[in-house]
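Observations on chain architecture
Here's the letter readout for the chains.
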Amino acid sequence: MIALGCDHGGYDLMQEVMKHLTERGIEYKNFGVEENRSVDYPVYAKKVAHAVASKECEKGILICGTGIGISIAANKVHGIRCALCHDVFSAEATRQHNDANILAMGGRVVGPGLALMIVDKFLDTPFSNDERHLRRIDMIES
Ligand code: RB5
């Protein structure tokens, strides 16, 4: 189950992400925002971050205008490693190296074509489980 959250800056792109996940048969839970109105991104960042940190959802996707504010807010929740990615290489590397559990993107930064490639790479790439990466992740958490 993938937790989804966005503000008004990410609303349009999130519609594309939801359509794409449905087409791929991937289940998601949408934590809002449910309509395109001006809202405060930390509210949705925290909802998704808590759903992932509690293991209610296995991963999350957050979208605001830049992806910056919503990723900063999500990363305040213990156990969350939210990666802001606007390229496919970073999406792959952050899964392999950081075991990132939330992907953040900016709806005013990337178009839907690239964004969906980033989503796929993020969801489909396993963590490497390399000792050095596990050690570094432990150092983040403590
Ligand atoms: C909203 O206008 C915008 O500030 C927000 O979507 C995001 O870009 C913040 O980082």
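The sections below set out a description of the structure shown in this document.

Each value, and the rule that gives it
- Residues numbered from 1 in each chain as written.
- Predicted model: local features only at pLDDT ≥ 70, side-chain atom pairs only at ≥ 80, totals over all residues.
- Heavy atoms only, no water.
- Phe/Tyr/Trp six-rings, centres within 6.5 Å; stacked < 30°, edge-to-face > 60°.
- Lys NZ or Arg CZ within 6 Å of the ring centre and 35° of its normal.
- Pairing = 2+ DSSP bridges.
- Helix = DSSP H or I, 4+ residues; strand = E, 2+ residues; numbered from the N terminus.
- Axes fitted to C-alpha atoms, helices over the stretch in contact; angles between N-to-C directions.
- Patch = residues over 30% accessible without salt bridge, like charges linked within 9 Å, V, L, I, M, F, W, Y side chains within 5 Å.
- Areas by Shrake-Rupley, 256 points an atom, 1.4 Å probe, with all protein chains shown as cover.
- Salt bridge = Lys/Arg side-chain N within 4 Å of Asp/Glu carboxyl O.
- Buried < 20%, exposed > 50% of the residue type's maximum accessible area, 1.4 Å probe, protein only.
- Near = heavy atom within 4 Å.
- Polar contact = N/O pair within 3.5 Å; in protein donor to acceptor, adjacent residues only side chain to side chain.
- Nonpolar A, V, L, I, M, F, W, Y, C, P; charged D, E, K, R; others polar.
- Core = buried A, V, L, I, M, F, W, Y, C linked by side-chain atoms within 4.5 Å.

Two descriptors summarise a pair of aromatic rings, namely the distance from one centre to the other and the angle between the planes of the rings. Applying the stated criterion across every chain yields a total of zero aromatic pairs. Lying over the aromatic face of Phe122, Arg95 brings its terminal NZ or CZ to 5.9 Å of the ring centre.

With that out of the way, let us pick up the sheet that holds strand E3 (residues 59-64). Taken in spatial order, the five strands make up an open sheet running E2-E1-E3-E5-E4, and their pairing is parallel. In the strand order of this sheet, the two ends are held by strand E2 (28-30) and strand E4 (82-84), each with one partner. Direction aside, neighbouring strands of the sheet carry axes that sit 20 degrees apart on average. Strand direction decides the pairing type here: E4 and strand E5 (residues 102-106), joined by three bridges, are parallel.

Together, Ile68, Ile72 and Leu84 line one region of the surface with nonpolar side chains, adding up to about 260 Å² of accessible area. Residue position: Leu84 is located in strand E4.

This part covers the pairing of strand E1 (residues 2-6). Among the five residues in E1, five count as buried, and that is most of the element. Of the two faces of E1, the one carrying Ile2, Leu4 and Cys6 and the one carrying Ala3 and Gly5 are both buried. Where E1 meets E2, three bridges bridge the pair, whose relative direction is parallel. Residue pairing in the sheet places Ala3 in a bridge with Lys29 of E2. In this structure, E1 lies alongside E3, joined through five bridges in parallel fashion. Across the sheet, residue Ala3 finds its bridge partner in E3, namely Gly60.

Moving on, we get to the site of the ligand. Contacts to the ligand come from Asp7, His8, Tyr41, Cys64, Gly65, Thr66, Gly69 and Arg108. Here an oxygen atom of the ligand sits 3.5 Å away from a polar atom, N or O, in the side chain of His8. Here an oxygen atom of the ligand and a side-chain polar atom of Arg108 are 3.4 Å apart. Taken by itself the ligand offers 300 Å² of open surface, and the protein chains cover 71% of this. When the residues that make up the shell around the ligand are grouped by side-chain class, the tally is two nonpolar, four polar and two charged.

What follows deals with the nonpolar core. Met14, Val17, Ile61, Ile63, Leu103, Met105 and Val119 are the most contacted members of the largest nonpolar core, which has 27 residues in total. Listing elements by their share of this core, those giving two or more residues are E1, helix H1 (11-24), E3, E5 and helix H5 (112-124). Counting 18 residues, the second largest nonpolar core, distinct from the first, contains Leu62, Ala74, Ile80 and Cys82.

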